[in-house]
Amino acid sequence: MESGFFDPIMVSIYIFLLSIFVGFEIITKIPPTLHTPLMSGANAISGITLVGSLVAASVGGTKISAILGFCAVIFATINVVGGFLVTDRMLSMFKKKK
Amino acid sequence: MVALLYLIAATLFILGLKGMTRVKTARFGNLTASSGMLLAIIATLIHIGKADYTLIVSGVVIGALIGTIAALKVEMTAMPEMVAIFNGFGGGASALVALSEIWFNIIENNSQLPAFKTTGTLWAATIILSILIGTVTFSGSVVAFLKLRGSIKGDPILLPGRHFINVALVLATILLGIYALFEVTVLTTLTTLALTISLTSLILGILLVIPIGGADMPVVISLLNSYSGLAAASTGFVLMNPILIISGALVGASGLILTQIMCKAMNRSLSNVLFGGFGAEVSEGVREYSNVKSFTPEEAALILESASKVIFVPGYGMAVAQAQHAVKELAELLESRGAKVLFAIHPVAGRMPGHMNVLLAEADVPYDKLIELDQANAEMVDTDVAIVVGANDVVNPAATKDSSSPIAGMPVIEVWNAATVMVIKRSLSPGFAGIKNELFEHDNTYMLFMDAKTALQEIIKELKS
């Protein structure tokens, strides 16, 4: 079947570029007060690489690829769990005048 | 099904980030983003289906334990190094996934060589980027972490010929990577080269961050944050997984914007921060001070007693002295006496973007009392007392008055426009820029040569008695 312009490689590059624009649009609106939580929150999102790590570790056994995947799972989980938790802890402290 | 769940997860990430643009909705935004992550994980597990889960489960348990303990135990003053090291783990994970891919698809599979014939050109090209960016993020973040903790000297460390070495390392990594995946037909050579480019990237990350010190840390942390996103995105290209591409791009963009804001706040270009070795070549200007007046806490309290408008200007010194609670106590005491109290926050005060805001939030200072640079300078004119707590370069008049100064043109908080300026600082030692601060000689400036916390506590005691 003719897929027209939807070449998978080009589509993924489209996705990448458009997401960068979305990121720029959203983040430029963030007030300086929230820069640190934003950073650690965004940081936790970059732990999305956990998705790739899980697949890599699912090979199982003692092959090198599986061991590398296992280490990646540990790293990425620290990033995700620690990142979201510490962001929440910080944000819970921001209060307005009572 | 999996693709649909990924789409929902990506939407939740974007909505979560959008929520974080306002203080009111920020916590919910973070929750939204984390539920997006949970969804992405569930989708991936569905995709994996039946498999050996031993490594997955044990990896997640170990990682979650470490992450939880670290997140709950960290002191707010240590937040910059915490963010730095989390960043490093993210980047490291991306690089490890890329390496695992090489082993799984090529080396353990005994595939047809050169590798790109088995896996495609895009795979081969982006996997080199994944390893390079991911590993640089990892080792660079570890160095930033050690510097921020004080385990290695925070000062810039300059190697001779470092620009040449860095360029050589980038080129070597990319060229060896291309050679390994597009030319090499012997499996052992491929293995050796994969390890070699990991090593060159590791060294590159160290060399890139080692020369950057102290007050330039906010730029470095923002940039490493951006790299961790880009590493995830390039791993997304390797795996052809849209959720990684989208999230990686979002984080990459956010890190870049923060980097840009930080550079602007110092009136320096990114390349100047990265390659300048600022503050390392100690500028040999006049650093002798004359006509410096100092206050005892009693004298400071006397002035504050009759002040009706006070602005605090916190800097890295407040974080070091853990003085944020004392600042808040003094602020409340002054307010109870009818004074208006504000906090002027310079964008690069501290060691990461928003550092001061988090510390003051921890001390329960309402965030609507924190004002930004422009407003601070407008408010300063009818202010009775400006109290500088452990800040130096960000209140240096040379930035506006002396065009030959290294910090010329950097936006600063013009505390000297207040009727009285009190500077709480241990000594007259220069700040990160290594230059003299004429503010300390102004007629209306009074120094309190003390530890910030002690000074504030003694002022509070005097005011109460």
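Residues numbered from 1 in each chain as written. Chains lettered and ligands numbered in written order. Predicted model: local features only at pLDDT ≥ 70, side-chain atom pairs only at ≥ 80, totals over all residues. Heavy atoms only, no water.

**Overview of the pattern of salt bridges**
A pair can form between side chains of opposite charge whenever their charged atoms are brought close. Residues and elements named next belong to chain B. Enumeration according to the criterion identifies 11 salt bridges over all chains in this entry. Across the pair Lys 340 and Glu 379 runs a salt bridge, and its minimum N-O distance is 3.8 Å. Placement of Lys 340 in strand β2 (residues 340-344) and of Glu 379 in helix α16 (residues 373-380) is noted, with a sequence separation of 39 residues between them. Where Asp 451 meets Arg 426, a salt bridge forms, and the shortest distance between an N and an O atom there is 3.2 Å. (Salt bridge = Lys/Arg side-chain N within 4 Å of Asp/Glu carboxyl O. Helix = DSSP H or I, 4+ residues; strand = E, 2+ residues; numbered from the N terminus.)

**With respect to the domain arrangement of chain A**
Under the domain assignment, chain A is made up of domain 1 (1-30) and domain 2 (33-98). The distance between the C-alpha centroids of domain 1 of chain A and domain 2 of chain A comes to 23 Å. (Domains from an automatic or database assignment.)

**Considering the sheet that holds strand β4 (residues 385-389) of chain B**
Residues and elements named next belong to chain B. The strand order β3-β2-β1-β4-β5-β6 describes an open sheet built from 6 strands, whose pairing is parallel. The sheet is open, and its two borders are formed by β3 (370-371) and β6 (445-448), each paired with just one other strand. The sheet contact formed by strand β1 (residues 309-314) and β4 spans 5 bridges and is parallel. Counterpart to Val 310 in the pairing with β4 is Val 385. Contacts from helix α12 (residues 297-305) reach β1, β4, β5 (420-424) and β6 within the one sheet, and its direction differs from that of β5 by about 145°. (Pairing = 2+ DSSP bridges. Contact = heavy atoms within 4.5 Å. Axes fitted to C-alpha atoms, helices over the stretch in contact; angles between N-to-C directions.)

**Thoughts on the environment of Phe 84 of chain A**
On the secondary structure map, Phe 84 of chain A appears in helix α4 (residues 64-91). Taking C-alpha positions, Phe 84 of chain A is 5.7 Å from Ala 44 of chain A, a pair spaced 40 residues apart along the chain. If near-sequence neighbours (up to four positions away) are discounted, Phe 84 of chain A is found in contact with Gly 41, Ala 44 and Ile 45 of chain A together with Asn 30, Ala 33, Ser 34 and Met 37 of chain B.

**Points about a nonpolar patch on the surface**
The grouping of Ile 9, Met 10, Ile 13, Tyr 14, Leu 17, Leu 18 and Phe 21 of chain A together with Met 240 of chain B at the surface amounts to a nonpolar patch, some 740 Å² of accessible area in total. One can find Ile 9 of chain A in helix α1 (residues 8-27). For Ile 9 of chain A, a relative accessible area of 33% corresponds to the partly exposed category. (Patch = residues over 30% accessible without salt bridge, like charges linked within 9 Å, V, L, I, M, F, W, Y side chains within 5 Å. Areas by Shrake-Rupley, 256 points an atom, 1.4 Å probe, with all protein chains shown as cover. Buried < 20%, exposed > 50% of the residue type's maximum accessible area, 1.4 Å probe, protein only.)

**Regarding the interface of chain A and chain B**
Taken together, the contact pairs 81 residues of chain A with 102 residues of chain B. Roughly 7900 Å² is buried in total at the junction of chain A and chain B, and carbon and sulfur atoms are behind 79% of that figure. If you look at where chain A meets chain B, you find 1 salt bridge. Where Asp 88 of chain A meets Arg 27 of chain B, a salt bridge forms, and the shortest distance between an N and an O atom there is 2.9 Å. At the level of secondary structure, the elements contributing two or more residues to the side of chain A that touches chain B comprise α1, α2 (35-46), α3 (50-57) and α4 of chain A. No other element matches the 27 residues that α4 of chain A contributes to the side of chain A that touches chain B. Looking at side-chain class alone, the side of chain A that touches chain B contains 48 nonpolar, 26 polar and 7 charged residues. (Buried area = accessible area lost by both parts, 1.4 Å probe. Nonpolar A, V, L, I, M, F, W, Y, C, P; charged D, E, K, R; others polar.)

**Remarks on the nonpolar core**
Considering soluble globular proteins, one finds that nonpolar side chains tend to be buried as a cluster. One finds Phe 312, Leu 330 and Phe 343 of chain B to be the most contacted residues of the largest nonpolar core, which totals 121 residues. For this core, the leading source of residues is α4 of chain A, giving 11 residues. Among residues more than four places away in sequence, those in contact with Leu 330 of chain B are Leu 304, Phe 312, Ile 387, Leu 456, Ile 459, Ile 460 and Leu 463 of chain B. Listed in part, the 36 residues of the second largest apolar core include Ile 371, Ala 386, Val 415 and Ile 435 of chain B. (Core = buried A, V, L, I, M, F, W, Y, C linked by side-chain atoms within 4.5 Å.)

**Describing the packing of aromatic side chains**
Here the distance between the centres and the angle between the planes together describe a pair of aromatic rings. Within the structure shown, the criterion is met by 7 aromatic pairs over all chains. Relative to Phe 89 of chain B, the ring of Phe 75 of chain A has its centre 5.0 Å away and its plane inclined at 70°; by these criteria the two rings are edge-to-face. With Phe 75 of chain A in helix α4 and Phe 89 of chain B in helix α4 (residues 79-107), this pair bridges two chains. We classify Phe 89 of chain B as buried; its relative accessible area is 18%. Aromatic rings pair up to connect Phe 75 of chain A together with Phe 89 and Phe 138 of chain B into one cluster. Of note, Arg 351 of chain B hangs over the ring of Tyr 316 of chain B, and the distance from its end group to the ring centre comes to 3.6 Å. (Phe/Tyr/Trp six-rings, centres within 6.5 Å; stacked < 30°, edge-to-face > 60°. Lys NZ or Arg CZ within 6 Å of the ring centre and 35° of its normal.)

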